[in-house]
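# Remarks on the overall topology
Read off the chains here:
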Amino acid sequence: AQKITQTQPGMFVQEKEAVTLDCTYDTSDPSYGLFWYKQPSSGEMIFLIYQGSYDQQNATEGRYSLNFQKARKSANLVISASQLGDSAMYFCAMREGSLRGGATNKLIFGTGTLLAVQP
Amino acid sequence: GAVVSQHPSWVICKSGTSVKIECRSLDFQATTMFWYRQFPKQSLMLMATSNEGSKATYEQGVEKDKFLINHASLTLSTLTVTSAHPEDSSFYICSAVLGRNFYEQYFGPGTRLTVT
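The following refers to the structure shown. Sequence order as written defines the numbering, with residues in each chain counted from 1. The order in which chains are written sets their letters, starting at A; the order in which ligands are written sets their numbers, starting at 1. Local features in this predicted model are restricted to residues of pLDDT 70 or higher, and side-chain atom pairs are both shown and tallied only at a pLDDT of 80 or more, whereas totals for entire chains, interfaces and linings draw on every residue. Think of the side-chain values as coming from all heavy atoms in the structure, minus any hydrogens and water.

On to the overall build of chain A. Counting its secondary structure elements, chain A contains zero helices and twelve strands. Shown N-terminal to C-terminal, the secondary structure of chain A runs as helices and strands in the order β-β-β-β-β-β-β-β-β-β-β-β. Expressed as a percentage of the 119 residues in chain A, the buried residues total 47%. We call two residues contacting when some pair of their heavy atoms lies within 4.5 Å. In chain A, the proportion of contacts linking residues at least 24 apart, taken out of those at least 6 apart, comes to 56%. Under the convention used here, a 1.4 Å probe and the Shrake-Rupley method define accessible areas, while residue burial counts only the protein chains that appear. Within the structure as shown, chain A displays about 5,800 Å² of accessible surface, and the carbon and sulfur contribution to it stands at 50%. Asp and Glu count as negative and Lys and Arg as positive, but His and the ends of the chain are not part of the count. Working definition for charges: the position is that of NZ of Lys, CZ of Arg, CG of Asp or CD of Glu. Counting 10 positive and 10 negative side-chain charges, chain A places the centres of these two groups 5 Å from one another. Helical segments are the DSSP runs of H or I of at least four residues, strand segments are the runs of E of at least two, and each set is numbered from the N terminus. Burial classes follow relative accessibility: with a 1.4 Å probe on protein chains only, a residue under 20% of its type's maximum area counts as buried, one over 50% as exposed, and anything between as partly exposed.

Structure (structure tokens):
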């Protein structure tokens, strides 16, 4: 059964420093996608970054990068140069299957990590 | 970018009444929309998959007669919480998929339901 695990309920980071949010996953499907979302206190889910299981390189989007270690089944999010506005809840999520194979885009979410950026 | 709206953003209702929540894709057509539920300080739990023109697919443990989903057009899905009870109080979030082969889900801002 597919599962996403985020072991850090909360994290602190100093402004301008980098922080890594952990995510491990479990799936028996060789084709899958991994996502990170940010949820500020207002509640909306903001897409940050995506990594496909067959992607050769780690995904990067601005200050966000995904440290994808397939053998370890981990997909940690790295935020560089933290800003006060980065304080939010961060969720790792997984979609099983390839879209060509008929995957439904259904996402399974981890329990989240609350990040607090300190000035 | 793709925008998804939800209405209302918050609602308070009395126990036993029904509440309808709308999810709209504002600038794209969404053949598939998802409804999630989030309790305070917890993760998002998928409730159902809403497909335009067909019946919704509910996740295990979600009562289809209590949470009625209608996806009548490519830009609108509705979730109706029937005979609401205090335990239905939660944050309800919808998402829409852009096209059939695009991996991103665009989330609405959420609706906070409080049942008194």
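Moving on, there is more to tell.
Contact with chain B, which involves 20 residues of that partner, is made by 19 residues of chain A. For the pair chain B and chain A, the two sides together bury roughly 1,500 Å², of which 61% comes from carbon and sulfur. Within this document, salt bridges are pairs made up of a side-chain nitrogen of Lys or Arg and a carboxyl oxygen of Asp or Glu, the two lying within 4 Å of each other. At the junction of chain B with chain A, the criterion picks out one salt bridge. A salt bridge links Lys-106 of chain A to Glu-59 of chain B; its shortest N-O distance comes to 3.4 Å. Any pair of nitrogen or oxygen atoms within 3.5 Å is treated as a polar contact; in protein, a donor-acceptor pairing is required on top of that, and neighbouring residues in sequence qualify only through side-chain atoms on both sides. The interface formed by chain B and chain A holds three residue pairs in polar contact (both at pLDDT 80 or more) in total. Each residue belonging to the side of chain B that touches chain A can be placed in one class, and the counts come to eleven nonpolar, six polar and three charged. A 1.4 Å probe defines the accessible area here, and the buried area is the portion of it lost by two parts on being joined, summed over both. All residues other than Ala, Val, Leu, Ile, Met, Phe, Trp, Tyr, Cys, Pro, Asp, Glu, Lys and Arg, Gly among them, are scored as polar; the first ten of these are nonpolar and the last four charged.

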